[in-house]
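Structural features, examined
Here is what each chain is made of, one letter per residue.
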Amino acid sequence: MNRRYLKCFSLALLFSLHLWAEGGMYPINTIGSLNLKKEGLKMDVKDIYNPSGKGLIKAVVQLGGCTGSFVSDKGLIITNHHCAFGGLEPYSTPGNNLLEKGYVAGSQEKELPIKGLTCKILISNTDVSTDILKGTESVSDGVLKKNIIAKNIASYKAAEVLKNPDYTIEIAEMLPGKSYMLFRYITIKDIRIVYIPARNIGEFGGESDNWEWPRHTGDFSFVRAYVGKDGKSADYSQDNVPFHPEEFLNINAKGLAENDFVFIVGYPGRTFRNLPADFIKMQEEFTLPYISDLYTWEINTIKSLGAGDAKFMIKNEPKIKQLANVEKNYKGKLKTMRSIALYKSRLEEEQKIANKLNIEQSARFKNNLNKSNALYASMGSIAFKSYWYNNLYSESKAIALADNIRTISNAFRTMKTEEYNKIKKNTLSLIRSQYKSIYVSYDSIFLKKMLLDASNFSGSNMVPGLNTLLFKNENKMQVIREYIAKAYKKNLIFDSTSIFKIINDKPEKIEKLKDPFMDLVKNLNKDYHETDSLMTYYKAQLDALLPEYVDLRMEALGGDFLPDANRTLRLTYGYIRGYHPSDATYCTPFTTVRGMAEKDGAAPDYRLNEDIARLLNQNAFGAYKLKDKNDLPMCLLYNTDTTGGNSGSPLLDGNGQLIGINFDRCLEATVNDYAWNESYSRSIAVDIRFVLWTTSMVSGADYLLKEMYITQ
Ligand code: GLU
């Protein structure tokens, strides 16, 4: 597919946009400069976003880490199953496991509050770059400039909060050192569960199908936003009333065909496209392999321990899910970035940029790159050690405990009473949660693995504390085995009562405790903190170089890039489209419920929901004039530009009507976070017709269809 370049420059927005047929997460205030009509949009762009008034975007909300959209005038929000189903946990018991069974409230009185989940609605956005960049005009030192910007942001934000106490105020960096936007939101704090389908619908396919196409996951759910009687945001109260949004989405239950135009409005989290090629190298060589391999090991180890310990398994299920989601994403990224030689193509692009710029700019560009490449090289030289430390201190509860106990001891020796009490209080709460989560068998296997890994580190990745404490002789394996056997055997640190007693009654004694973990931490801490500070320093230096890099890139490419995703409202558009994941393989862009039935029983992740099975056997499709299960749409594939945070985003047709709920990408598209490409960038939604059929026929929640004005 050829990108069609239609350059348009908006001075007010400070960055220019290339318009191409697909791809691109466009900041919402820039969409007026896109010729979306030509691409297939049938409505007026002003009816999507209109700075001075209403627009479809008023129906789109940021829901926790996800996106959602209003689908009724009574605050009903549709989002993903995976964005809301955790809210059922406090209402679940072993005898009545709502997480598994799902929940239909049936009436507003029975809707269940989700503690901690909020919904943000965008009120307005303003370009505040001039104010934020004040005082930086003649500053050439990147770090100094960053500090001035940070101060300006803090004071601008504080003034805004005073002016508009009812709003949530955020200032987002769109382009580093160049463009800053102020976002004012209303934050609704009372969100309640309306309908969450059974887990074997909302999560059908589980980890086996995560980041995969073809897909048969009914990843949707409904929640409702409530406000105080005065219409203002309020904490949960029985007296609260449903929120009346300015806009809600209409639904297109007729469906679309391959190559039809679609668009998404949502809150994508983070992309890394405007960074130097060596950032990609760092990801490919260190970050992605280290983290994904470690997570593979953790998942397998937890699973094998869990095979003999059901309680441990249940407790760790959410953790496995989290780890597996990242692990598969990273492995997918690695696979695609290698197959498309992403690093090489980014190097070539940098060479092209250097050639295109004038002599003075080109010299500055090369100089900037030399500096950042040197910083990436320095980071790379200690990357394994740095990841090792971070994971060791967070994953091994024995190490974390020892570290926290030492923190209290150090504070006791060096701080004044008031300060010490503060540190003690905070650290004790960490210690309590570590005692709750420690599982000694797993901890010992994990620490052993980490020590074995570190015994193979060489050069600047070597861990000095291990050399002085453990690796004094040749037989490192044996030393590790002996250390682990001793450390986890009847150790005082695992006796929480004694430890709390010492902390509270005799903190002066902590220092003298003879404990293998405290010894280890004592030996590791200095280099751990130095490594951490170094990494932070390199990162700050790199950030400081970024404005110039972006500036010159923009100069050479004529603005051939957009601000990276940063959790601000974006529009992306494209077409319903299949793809070729591998040679001689073409995946069509629609799945049907037939696929769900076909997968049934093939693995524990594929358990066809009983009600769905029954309805399929009866060919029961209600008002849907379908022949059979081959006819009932399930999920669809399209080439928009999405990332994490777009979960739950509305997939809209050319008229702005809802046709699906975005929930994932295919495996190859995980690399989208670094580079969008027509050949592999594909996102996945659950088809609204499956949502409607399931809501009414499977779960008997017809009343919601009526609320959404769906008449069949
Ligand atoms: N399924 C993704 C996740 O769980 C969210 C959507 C995406 O990244 O495309 O992180």
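Look up a bit, the structure's there.
A short tour of the structure in this document, coming up. The structure displayed is predicted, hence computed values, not measured ones.

Bringing the overall build of the protein chain into the picture now. Helices and strands together make up the secondary structure of the protein chain, namely 23 helices and 21 strands. Over its C-alpha trace the protein chain gives a radius of gyration of 27 Å, about what one expects of a compact globule, namely 27 Å for 712 residues. With the C-alpha coordinates aligned to their principal axes, the bounding extent of the protein chain is approximately 75 × 70 × 60 Å. Burial statistics for the protein chain: of 712 residues in total, 56% are counted as buried. Within the protein chain, contacts between residues at least 6 apart in sequence are counted, and of these 77% link residues at least 24 apart.

By nearness alone, every residue bordering the ligand is listed as W211, N325, T643, G644, S647, F663, D664 and R665. In this structure, D664 approaches the ligand through a side-chain N or O atom, which is 2.9 Å from a nitrogen atom. For the ligand, the accessible surface in isolation is 290 Å², of which the surrounding protein chains cover 87%. In terms of residue count, the dominant contributor to the shell around the ligand is strand 20 (residues 658-665) (three residues).

Turning our eyes to something else, we now look at helix 17 (residues 476-487). With 12 residues, helix 17 ought to run about 16 Å at 1.5 Å a step, and its terminal C-alpha atoms sit 16 Å apart, in line with that. Along helix 17, the positions that sit buried rather than exposed are V479, I480, Y483, I484 and A487. With its buried residues spanning 130° around the axis, helix 17 presents them on a single face. Residues of helix 17 that are buried sit in contact with helix 15 (440-455) and helix 19 (516-557).

Moving on, we get to the sheet that holds strand 17 (residues 590-592). One open sheet holds the eight strands; their spatial order is 1-14-13-19-20-21-18-17, and the pairing between them is antiparallel. Two strands lie at the open edges of the sheet, namely strand 1 (26-27) and strand 17, each paired on one side alone. For strand 13 (residues 261-266) and strand 19 (residues 650-652), the ladder comprises two bridges, and the chain directions are antiparallel. By the bridge assignment for strand 19, F263 is matched with L652. Sitting on the sheet, helix 22 (residues 688-698) is in contact with strand 18 (633-638), strand 20 and strand 21 (683-687), with an inclination near 35° to strand 21.

Moving on, we get to the environment of D443. Tracing the chain through its elements places D443 in helix 15. According to the relative accessible area criterion, D443 is buried, its value standing at 3%. A C-alpha to C-alpha distance of 8.0 Å links D443 and E395, two positions 48 residues apart in sequence. When near neighbours in sequence (up to four residues on either side) are disregarded, D443 contacts E395, S396, K397, A398, I438 and Y488.

The rules behind these values
Residues numbered from 1 in each chain as written. Predicted model: local features only at pLDDT ≥ 70, side-chain atom pairs only at ≥ 80, totals over all residues. Heavy atoms only, no water. Helix = DSSP H or I, 4+ residues; strand = E, 2+ residues; numbered from the N terminus. Rg over C-alpha atoms; globule rule 2.2 N^0.38 Å. Buried < 20%, exposed > 50% of the residue type's maximum accessible area, 1.4 Å probe, protein only. Contact = heavy atoms within 4.5 Å. Near = heavy atom within 4 Å. Polar contact = N/O pair within 3.5 Å; in protein donor to acceptor, adjacent residues only side chain to side chain. Areas by Shrake-Rupley, 256 points an atom, 1.4 Å probe, with all protein chains shown as cover. Expected span 1.5 Å × (residues − 1). Arc of directions from axis to C-beta. Pairing = 2+ DSSP bridges. Axes fitted to C-alpha atoms, helices over the stretch in contact; angles between N-to-C directions.

Note that all results are geometric; they support no functional claim without further evidence.
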